Amino acid sequence: MTKTEEKALQRAKKAEEKLKKERERIEGLKVYEREYESYGLICGIDEVGRGPLAGPVVAGAVILPKDCDILYINDSKKLSEKKREELYDVIMDKAVAAAVGYASPERIDEINILQATYEAMRQAINNLSEKPDILLNDAVTIPGVDIKQVPIIKGDAKSISIGAASIIAKVTRDRLMVKYEEVFPGYDFASNKGYGTAAHIKALKEMGPCPIHRRSFIGGLMK
């Protein structure tokens, strides 16, 4: 065997080992799904956008097939933008049902971010084409929902269903913020996604707020 062939074989072995570890990791993310599979359709729920100064909060709801074989699902914050975009397409293609819900900046100012998050989550659940039998939520219990709920702390990194929901919500919101950059230029929404970066705060002070800024979040910055 030549050195080139040896190196190629080593690379193939490393790739195989890496794939094996990823499959094992994904199996570990199905612990809650296995625990509650007797209930029927399991839906993961997560949100993104509670902390930004601008834009909506977006919730994702995803029902995955029982024997889901999608690799690399994780907390959306731990994935690159490219990987999130790839996984979004795969999840939307393979999911039994998937949907999102929104709460606008105006709504956030009106009822506060926590209540707006609950509202977005309820909307996401109602937008599903299939009604779930149980919800696995990232940390919270959603009021006003007549479906059994299981809140899981850091659930987006512990449950494949919640991880998938976090990816759907994150990609949806990021795409929306890129579009907002075209409508409200100067705040760099395409890059900061509405979060309070130094450049965003500087632009906010120089230009004032635009229609998608959360007035209840920026009051102290405008003094």
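Quick summary incoming for the structure in this document. The structure displayed is predicted, hence computed values, not measured ones.

**Observations regarding the pattern of salt bridges**
The final tally for this structure, using the stated rule, is 13 salt bridges. The closest approach of N and O atoms between Glu27 and Lys30, which form a salt bridge, is 3.0 Å. By relative accessible area, Lys30 is classed as buried at 11%. Among the charged side chains, a salt-bridge network with shared partners connects Glu27, Lys30 and Arg34.

**Some remarks on the state of the cysteines**
What the rule picks out here adds up to zero disulfides. Free of any disulfide, Cys68 has its nearest neighbouring cysteine sulfur in Cys43, separated by 13 Å. Take Cys68: its relative accessible area is 4%, and that puts it in the buried class.

**Focus on the sheet that holds strand β2 (residues 57–63)**
With mixed pairing, five strands are arranged side by side in an open sheet as β3-β2-β1-β4-β5. Looking along the sheet, the strands with just one partner apiece sit at the ends: β3 (97–103) and β5 (148–152). The average angle at which neighbouring strand axes cross in this sheet is 20 degrees, direction not considered. Pairing of strand β1 (residues 42–48) with β2 involves six bridges; the strand directions are antiparallel. The partner of Gly44 across the bridge, within β2, is Val62.

**Notes on the packing of helix α3 (residues 81–94) against helix α6 (residues 160–183)**
It is the contact of α3 with α6, at a shortest axis distance of 9 Å, that shows an interaxial angle of 120 degrees. For α3 against α6, the interelement crossing comes out left-handed. Together, Arg84, Glu85, Leu87, Tyr88, Asp89, Ile91 and Met92 of α3 and Ala164, Ile167, Ile168, Lys170, Val171, Thr172, Asp174 and Arg175 of α6 make up the contact between the two elements. Residue classes in the contact of α3 with α6 are distributed as eight nonpolar, one polar and six charged.

**Remarks on the side chain of Glu33**
With respect to the secondary-structure elements, Glu33 resides in helix α2 (residues 31–35). Buried charged residue Glu33 carries no salt bridge. Nearest counter-charge: Arg34, at 7.3 Å. Beyond its immediate chain neighbours, meaning those up to four positions away, Glu33 contacts Ile42, Leu136, Ser159, Ile160 and Ser161.

**Some details on the pairing of β2**
Sheet faces and side chains relate simply in a regular strand, where the side chains alternate between the two faces. Summarising burial for β2: seven of the seven residues are buried, a large majority. On β2, burial covers both faces: Val57, Ala59, Ala61 and Ile63 on one face and Val58, Gly60 and Val62 on the other are all buried. Pairing between β2 and β3: seven bridges, direction antiparallel. Considered in β3, the bridge of Val58 is made with Tyr102.

**Concerning the packing of aromatic side chains**
Applying the stated criterion to the full structure yields three aromatic pairs. The lysine or arginine in question, Lys83, covers the ring of Tyr72, its NZ or CZ lying 4.5 Å from the ring centre. The positively charged end of Arg175 is found above the aromatic ring belonging to Tyr88, 4.4 Å away from the centroid.

Scoring rules and cut-offs
Residues numbered from 1 in each chain as written. Predicted model: local features only at pLDDT ≥ 70, side-chain atom pairs only at ≥ 80, totals over all residues. Heavy atoms only, no water. Salt bridge = Lys/Arg side-chain N within 4 Å of Asp/Glu carboxyl O. Buried < 20%, exposed > 50% of the residue type's maximum accessible area, 1.4 Å probe, protein only. Disulfide = S-S within 2.5 Å. Pairing = 2+ DSSP bridges. Helix = DSSP H or I, 4+ residues; strand = E, 2+ residues; numbered from the N terminus. Axes fitted to C-alpha atoms, helices over the stretch in contact; angles between N-to-C directions. Left-handed = near helix turned anticlockwise from the far one by under 90°. Contact = heavy atoms within 4.5 Å. Nonpolar A, V, L, I, M, F, W, Y, C, P; charged D, E, K, R; others polar. Lys, Arg positive; Asp, Glu negative; His and termini not counted. Phe/Tyr/Trp six-rings, centres within 6.5 Å; stacked < 30°, edge-to-face > 60°. Lys NZ or Arg CZ within 6 Å of the ring centre and 35° of its normal.

All quantities given are derived from atomic positions and should not be read as evidence of function.
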